[in-house]
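In case you want the letters, here they are:
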Amino acid sequence: MCDFPFFSLVCTGEIFELKAELNSDKKEKKKEAVKKVIASMTVGKDVSALFPDVVNCMQTDNLELKKLVYLYLMNYAKSQPDMAIMAVNTFVKDCEDPNPLIRALAVRTMGCIRVDKITEYLCEPLRKCLKDEDPYVRKTAAVCVAKLHDINAQLVEDQGFLDTLKDLISDSNPMVVANAVAALSEIAESHPNSNLLDLNPQTINKLLTALNECTEWGQIFILDCLANYTPRDDRESQSICERVTPRLSHANSAVVLSAVKVLMKFMEMLPKDLDYYGTLLKKLAPPLVTLLSAEPELQYVALRNINLIVQRRPEILKHEMKVFFVKYNDPIYVKLEKLDIMIRLASQANIAQVLAELKEYATEVDVDFVRKAVRAIGRCAIKVEQSAERCVSTLLDLIQTKVNYVVQEAIVVIKDIFRKYPNKYESVIATLCENLDSLDEPEARAAMIWIVGEYAERIDNADELLESFLEGFHDESTQVQLQLLTAIVKLFLKKPTETQELVQQVLSLATQDSDNPDLRDRGYIYWRLLSTDPVAAKEVVLAEKPLISEETDLIEPTLLEELICHIGTLASVYHKPPSAFVEGSRGVQHKRLPGSAGSGESADSPDTGSAAGVSEAPPAVIPSQGDLLGDLLNLDLTPPTTSGPPPAPSSGMQMGAMDLLGGGLDSLVGLLHRTDTPQSPQLSHQSPSPPDYSPTEVGPGDHAGPVKARSPAMGAGFGAPPTAMPASFPPPVSGGLDDLFDLGGSVGMPMGAYSPPKSIWLPAMKAKGLEISGTFARRAGVIQMEMTLTNKAMSIMTDFAIQFNRNSFGLAPAGPLQVLTPVGPNQSIEVALPLSTVGPVMKMEPLTNLQVAVKNNIDVFYFSSQYPISMLFVEDGKMERQVFLATWKDIPNDNEAQFQIKDCHLNSDAASSKLQGSNVFTIAKRTVEGQDMLYQSMKLTNGIWVLAELRVQAGNPNYTVTCISKERCVHQGSSYRSNMLEF
C-alpha cells in the first residue's frame with residue numbers, strides 16, 4: 001500500500017521537480033524520486049527526459065536503488081543510445097563489485113540493453129562474469145550470452161563466448177549447467193546446423209548428474225536437451241531412462257511432460273521383450289493420471305498430450321479408462337477431449353463400461369456434448385467389432401427417447417455402422433423410418449435418404465418415402481439434394497417398372513430447375529448412364545462399396561512422430577508442427593523418433609501392444625477435402641483497388657530465401673532438372689481445382705466403380721456435349737537451355753529475356769467454356785503473365801478477376817485483370833497482367849508451381865502452371881569481378897554441382913550474348929587449352945546469388961556447366977539445361 005502514491009498522475013512541471021530530487025544529496029530522497037520515475041514509466045508516461053539524471057544515480061551502494069536505475073536503463077537505452085554509453089563504466093565497475101548480487105545484476109542488465117553501440121564494451125565484463133567464482137553470477141552470465149548472441153551473433157562467436165558456454169556444461173553447480181544448456185539450446189535454434197550442443201555420452205552423463213539438483217525450470221531445460229540426443233544402443237537408452245524416470249514424480253507438470261517426452265523417445269530403442277520395457281510402461285501411467293487432478297486448464301494441456309501418447313502407445317493407459325470419465329463440473333473443452341481419448345482406449349475388455357458412460361452422457365443438457373457422445377457410440381461400434389450389436393442396441397434406446405437432436409445424431413452414426421457391417425443390422429431400418437418426419441438437420445436427412453436408397457429392396461414403401469422428400473426438393477440443402485438424386489437412381493435400378501416417373505422427375509429437377517453446378521452435373525451423368533447403358537449404370541451406381549476406415553481422425557504417422565518429440569510444448573496442444581505456427585523461425589527443425597531396436601520394426605509402425613481390441617497396424621489416415629484444395633478456396637477474388645507497376649522487390653527478402661528453399665538452392669536446382677520429362681500443358685496434379693462429382697465420389701461411399709466424370713449426352717433440348725478434347729496442344733515447353741540457346745532450330749530470335757510460347761493452362765472442358773492459354777515474360781524489368789482468354793461457350797463472359805495462391809517467390813498480381821469488354825462466344829482477348837514479387841511466400845512443389853484462381857460471371861476456376869525460373873533473374877545480377885572471385889573462393893565444394901548440356905552449336909560469345917538477354921551475366925572469360933570458360937552470375941528476386949562456370953570447347957557440341965551458391969545446395973539433378981538456364 002505504501003507504494004501506491006507513486007502511481008498518481010504526473011502534474012505539469014513535475015519533471016523539473018523530479019530532476020531536482022534525482023540530483024539531491026539525500027539518498028532517501030533520491031530513491032523516492034527514482035521510484036516515482038519508474039511508476040510513471042510503468043503507466044506509460046514518457047520520462048526519457050530524465051535519462052541523464054537517473055543514470056547518475058547508478059553510483060550508489062544501495063541495491064534497491066541500483067535495481068530501479070537498471071530497470072529504467074533497460075527501458076530507455078534503445079531510444080537514448082548515446083546517453084546509454086554513459087553507463088558503460090558503471091557496468092564494468094559493478095561487474096567487479098564484491099557483492100555477487102550486484103555483479104549478477106550488472107551482467108543481467110547488460111544482456112537486456114539491445115544497443116549495438118555499447119555491446120562491444122560489455123564483452124570484457126561478461127567474460128569475467130562467465131568465470132566468476134560465484135555460481136549465481138556464472139548462471140546469470142550464461143543467459144546473457146544468449147541475449148547478446150541475439151543482438152550480435154558474430155561478436156559472440158569472435159569473442160569465444162560459445163566455447164566458454166560449452167565449458168560451463170561441466171560446471172560443478174547444477175544451475176550453471178542448466179542455464180548453459182538453455183543458452184546453447186536457444187542459440188542452436190537460430191543456427192540449426194551449427195552443432196553447438198555436441199551431445200556425447202560424457203556430456204549426457206554430466207547433464208543427468210546435474211538433473212537431480214536443478215530447480216524445476218533447470219530440469220526442463222536439461223530434459224529438453226536430452227530429448228535431442230540419440231543413444232548409441234538400447235543399453236545406453238535404458239540407462240538414460242532409468243535416471244530420468246524419477247522426474248515423473250515431480251510436482252511441476254512441465255517437468256513431468258518433459259520427462260515423458262524423453263522416455264517416449266528412448267523407448268523406441270528398447271526391445272519390446274525386455275523386462276524393463278514393460279516396467280517403464282507401467283511407470284508412465286501414474287504421472288499422466290495425476291496430471292488430470294489439476295485445474296481445468298492444466299487438465300486440457302495434459303489431455304492434448306495424452307491424446308498423442310495414446311495414439312502412439314495405447315498400452316500405457318489401457319487400464320486407466322476410468323480417469324477419463326467425464327465429471328459433471330468439467331468445462332466443455334475438457335469433456336470433449338476426454339471423450340476422444342475414451343474412444344481411442346476402447347477395447348473389447350472395457351467396451352461395456354465405456355458404452356454405459358456414453359449412454360449416460362447422451363442424457364446430459366449440453367447439446368454439443370450429447371451429439372459428440374452419440375457419435376462416440378458409433379465410433380466404438382466401428383472400432384470394436386464385438387461390441388457393434390451392443391452399440392446398435394444402445395443407439396436404438398436413445399432413438400426411443402424421441403429427443404430430436406439425439407435421434408438425428410443416432411441416424412447419422414447408424415448409417416456408418418451399416419457401411420462397416422453390411423447385411424448385419426438392417427433390421428433396425430423400420431425403427432429409423434418411424435422418425436422420418438422429425439428429421440430437420442441436413443446431415444441427418446441425407447443419412448436417412450442414403451439408408452432408404454441403399455436398402456430400397458427391403459423397404460416396401462421406399463418410393464413413397466423418397467417422394468416425400470422430393471416435394472420440397474428446391475428448399476433442401478445441397479447435401480440432401482445430391483443424396484436424394486443418388487438414392488432415387490438406386491431405387492430406379494432396383495425397381496425400374498415402379499419408379500420410372502420418379503426418376504424422370506428428379507432428373508428434371510436436378511438438370512433443368514437447379515442452379516447448382518454440382519447437382520446439375522451429377523444429374524447429367526446419371527441421365528447419360530441410364531439412357532445409353534443401363535447395365536453399366538447398374539454396375540457403377542450399385543457397385544460394392546469399400547468398408548469405411550476404422551479411424552479417420554488419426555494423426556498422420558510422420559506428423560505424430562514429430563509431435564511426440566514436442567510433448568510439453570505448444571505444438572502438442574495445437575497438434576501442429578512448430579513450423580505451422582512459428583513465423584519466421586529459421587531454427588524450426590522437423591524431428592523424428594529413432595528407429596526401434598531389437599525388433600526390425602520401423603518407427604512408422606510401432607508395436608501397440610497386445611491389448612484386446614488394439615490394432616497392430618495403424619489404419620490409413622484420410623486427408624480432408626479442405627487439405628486437398630489448399631488455400632485457393634479462401635481467396636478474395638475481388639479486383640485490387642489500386643493498380644500500377646509492380647513494386648520493387650524488397651531487399652529484406654534475402655533472409656527469408658533460406659527458409660523458402662529449405663536450407664539453400666537444393667529445391668531450386670532440383671526443380672530445374674526436368675527437361676528429360678517435359679512439362680505437360682495440362683493441369684498439374686497439384687492443381688487445387690474442386691473435385692469432379694463422378695460416380696466414384698457421390699456421397700459417403702455411394703459408388704466404387706472406376707468411372708471418371710464426363711459430360712453426358714444431354715438428350716433432346718439440351719444440346720450435344722463436347723465429345724473430345726481439343727485436337728492438339730502446343731508442344732510442351734522445357735524453358736531450359738535449349739530455349740535460351742535457340743536449340744530448336746528457329747532463327748532470328750530477338751535479343752532479350754527468353755519467353756516460352758503460350759500453352760493451354762485451362763482447357764475449355766474444365767472451365768465451362770473458358771479456355772486460358774498463356775506464358776510468362778520479363779519485359780523492362782517487369783514480370784508479366786501474358787494470357788489469351790477464349791470463350792468457347794454460348795454465353796457472354798464478363799467480370800473477370802484473378803488471384804494467386806501463396807507461392808515460392810511471392811508472385812502476386814500487381815493490379816486487376818484488365819478485361820475491359822465482355823468476351824462473346826467464340827471470341828478471344830489478349831491480356832498482359834504485371835506481377836510483383838512481394839506477395840505471401842510458401843514453398844511449392846515443384847518450386848516454380850503457381851496456383852491460380854480466375855473468376856468470371858459464370859464461376860470460379862482453378863488451374864496451376866509453372867513459370868520459367870529465368871523470369872526471376874533481376875537486371876542488377878552482374879557481380880563485380882573482385883567480389884565474384886572472393887565469393888567463389890568462399891563457397892565450399894559441397895555447394896557445387898556440375899551438369900552436361902548436349903547438342904548446343906553456339907560459340908562462347910554467342911552463348912554469352914544470348915544468356916545476357918535473360919540476365920545471366922558473364923563476369924570474365926578465359927581460354928585454357930582451346931576451351932573457353934565463361935564465369936557468370938545471376939541474382940534472383942529474393943536476393944539469392946548463383947554463380948556459374950560454362951565451359952565451351954570449340955567443335956564440341958556438349959557444354960559443361962558448374963553451378964554454385966553461398967546457400968547450401970544439394971544437387972540431385974541431371975542437366976544444367978533444366979537448371980541454370982531455365983536460367
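A quick note: this is a predicted structure, and the numbers were derived from the prediction, not measured.

Draft legend 1. Here's a closer look at the side chain of Ser-965. You can see Ser-965 is positioned in the segment after strand E13 (959-964). One polar contact links the side chain of Ser-965 to the main-chain carbonyl oxygen of Trp-945, over a distance of 3.2 Å.

Draft legend 2. View of the sheet that holds E13. One open sheet holds the five strands; their spatial order is E9-E13-E12-E11-E10, and the pairing between them is antiparallel. The open sheet has two edge strands with one neighbour each: strand E9 (896-901) and strand E10 (921-928). On average, each strand axis in the sheet is tilted by 20° relative to the strand beside it, whichever way the strands run. Contacts between helix H38 (residues 881-890) and the sheet are confined to E10, strand E11 (931-939), strand E12 (945-953) and E13, with E12 contributing the most and set at about 95° to the helix.

Draft legend 3. Looking closely at the packing of helix H14 (residues 201-211) against helix H16 (residues 234-244). The interhelical angle for the contact between H14 and H16, taken along N-to-C directions, is 15°, at an axis separation of 10 Å. When the axis of H14 is compared with that of H16, the two are roughly parallel. Handedness of the H14/H16 crossing: left-handed. Residues Pro-201, Ile-204, Asn-205, Leu-208, Thr-209 and Leu-211 of H14 touch H16, and the partners they reach there are Glu-236, Ile-240, Arg-243 and Val-244. Of the residues in the contact of H14 with H16, the class split is six nonpolar, two polar and two charged.

Draft legend 4. Region of interest: the packing of aromatic side chains. According to the stated counting rule, one finds 12 aromatic pairs in the structure shown. Ring centres of Phe-884 and Tyr-935 lie 6.4 Å apart, and the angle between their planes is 75°; on these two criteria the pair is classed as edge-to-face. Pair noted here: Phe-884 is in helix H38 and Tyr-935 is in strand E11, with a separation of 51 residues, a long-range link. We classify Phe-884 as buried; its relative accessible area is 6%. With relative accessibility at 12%, the residue Tyr-935 sits in the buried group. Ring-pair connections join several aromatic residues into one group, and the members of that group are Trp-761, Phe-776, Phe-863 and Tyr-867. Across the ring face of Phe-369, the terminal group of Lys-335 is positioned such that the distance to the ring centre comes to 5.2 Å.

Draft legend 5. Main features of the packing of helix H19 (residues 296-312) against helix H20 (residues 332-345). Remark: H19 packs on H20, axes separated minimally by 10 Å, with the N-to-C direction vectors making an angle of 20°. Relative to H20, the element H19 lies roughly parallel. Viewed along their axes, H19 and H20 form a crossing whose handedness is left-handed. Across the interface between the two elements, Pro-296, Glu-297, Gln-299, Tyr-300, Leu-303, Arg-304, Ile-306, Asn-307, Val-310 and Gln-311 from H19 touch Tyr-333, Val-334, Glu-337, Lys-338, Asp-340, Ile-341, Arg-344 and Leu-345 from H20.

Draft legend 6. Structural view of the nonpolar core. Membership of the largest hydrophobic core comes to 209 residues, with the highest contact counts inside it found for Tyr-72, Leu-126 and Phe-418. For this core, the element with the highest residue contribution is helix H28 (residues 478-494), accounting for 10 residues. No fewer than three residues from each of domain 1 (346-438) and domain 2 (441-542) sit in this core. Membership of the second largest hydrophobic core comes to 53 residues, among which are Ile-829, Val-854, Phe-861 and Cys-963.

Draft legend 7. Local environment of helix H27 (residues 462-470). Buried within H27 are the following residues: Ala-462, Leu-465, Leu-466, Phe-469 and Leu-470. Considered in projection along H27, the buried side chains sweep an arc of 145° and stay on one side of the axis. Its buried side turned inward, H27 meets helix H25 (429-434), helix H26 (442-454), H28 and helix H29 (500-511).

Draft legend 8. Focus on the sheet that holds strand E4 (residues 801-804). Reading across the sheet, the three strands line up as E4-E7-E8 and stay open at both edges, with antiparallel pairing between neighbours. The two strands at the open ends of the sheet, each matched to only one other strand, are E4 and strand E8 (860-866). Strand-to-strand, the axes of this sheet are offset by a mean angle of 25°, without reference to chain direction. Summarising the sheet, strand E7 (residues 849-855) and E8 pair through seven bridges and their orientation is antiparallel. Residue pairing across strands places Val-852 opposite Phe-863, the latter belonging to E8.

Draft legend 9. Expanded view of the pattern of salt bridges. Counted by the stated rule, this structure contains 36 salt bridges. With a closest N to O distance of 3.1 Å, Asp-397 and Lys-359 form a salt bridge. A residue pair is termed long-range when its members are at least 10 positions apart, and Asp-397 in helix H23 (residues 388-400) and Lys-359 in helix H21 (residues 351-361) qualify at 38 residues. Notably, a salt bridge pairs Glu-426 with Arg-458, separated by 4.0 Å at the nearest N-O pair.

Draft legend 10. Fine view of the confidence of the model for the protein chain. Mean pLDDT over the protein chain: 77, with 79% of residues reaching 70 or higher. Per-residue pLDDT stays below 50 along residues 969-983; that stretch engages in 79 contacts with residues further than four places along the chain or on separate chains.

Draft legend 11. Region of the structure containing the environment of Thr-790. Secondary-structure assignment places Thr-790 in strand E3 (residues 782-791). A sequence separation of 33 residues divides Thr-790 from Val-823, and the C-alpha atoms of the two residues are 7.8 Å apart. Not counting residues up to four positions away in its chain, the partners in contact with Thr-790 are Gly-769, Leu-770, Glu-771, Gln-827 and Ser-828. A polar contact of 2.9 Å, which involves the side chain of Thr-790, links it to the side chain of Ser-828.

Draft legend 12. Local environment of a negative patch on the surface. A cluster of like negative charges, contributed by Glu-464, Glu-467, Glu-471 and Glu-501, occupies part of the molecular surface. Tracing the backbone through its elements, the reader meets Glu-464 in helix H27.

Draft legend 13. Representation of the pairing of E13. Of all six residues in E13, six are buried; the element is thus mostly enclosed. Strand direction decides the pairing type here: E9 and E13, joined by six bridges, are antiparallel. Counterpart to Ala-897 in the pairing with E13 is Cys-963. Relative to E13, E12 is paired through five bridges, and the arrangement is antiparallel. Looking at the pairing, Glu-949 lines up with Thr-962 of E13. With antiparallel pairing between neighbouring strands as the criterion, E12 and E13 make up a hairpin whose turn holds five residues, including Gly-955 at a positive phi of roughly 80°.

Draft legend 14. Here's a closer look at the environment of Ile-449. Inspection of the secondary structure assignment puts Ile-449 in helix H26. What makes Ile-449 buried here is its relative accessible area of 0%. The spacing of Ile-449 and Ala-487 is 38 residues in sequence and 6.6 Å in space, taken between C-alpha atoms. Not counting residues up to four positions away in its chain, the partners in contact with Ile-449 are Leu-466, Phe-469, Val-480, Gln-483, Leu-484 and Ala-487.

What counts, and where the lines are drawn
Residues numbered from 1 in each chain as written. Predicted model: local features only at pLDDT ≥ 70, side-chain atom pairs only at ≥ 80, totals over all residues. Heavy atoms only, no water. Helix = DSSP H or I, 4+ residues; strand = E, 2+ residues; numbered from the N terminus. Polar contact = N/O pair within 3.5 Å; in protein donor to acceptor, adjacent residues only side chain to side chain. Pairing = 2+ DSSP bridges. Axes fitted to C-alpha atoms, helices over the stretch in contact; angles between N-to-C directions. Contact = heavy atoms within 4.5 Å. Parallel < 35°, antiparallel > 145°, perpendicular 65-115°, else oblique. Left-handed = near helix turned anticlockwise from the far one by under 90°. Nonpolar A, V, L, I, M, F, W, Y, C, P; charged D, E, K, R; others polar. Phe/Tyr/Trp six-rings, centres within 6.5 Å; stacked < 30°, edge-to-face > 60°. Buried < 20%, exposed > 50% of the residue type's maximum accessible area, 1.4 Å probe, protein only. Lys NZ or Arg CZ within 6 Å of the ring centre and 35° of its normal. Core = buried A, V, L, I, M, F, W, Y, C linked by side-chain atoms within 4.5 Å. Domains from an automatic or database assignment. Arc of directions from axis to C-beta. Salt bridge = Lys/Arg side-chain N within 4 Å of Asp/Glu carboxyl O. pLDDT = per-residue confidence, 0-100. Patch = residues over 30% accessible without salt bridge, like charges linked within 9 Å, V, L, I, M, F, W, Y side chains within 5 Å. Areas by Shrake-Rupley, 256 points an atom, 1.4 Å probe, with all protein chains shown as cover. Lys, Arg positive; Asp, Glu negative; His and termini not counted. Charge placed at Lys NZ, Arg CZ, Asp CG, Glu CD.

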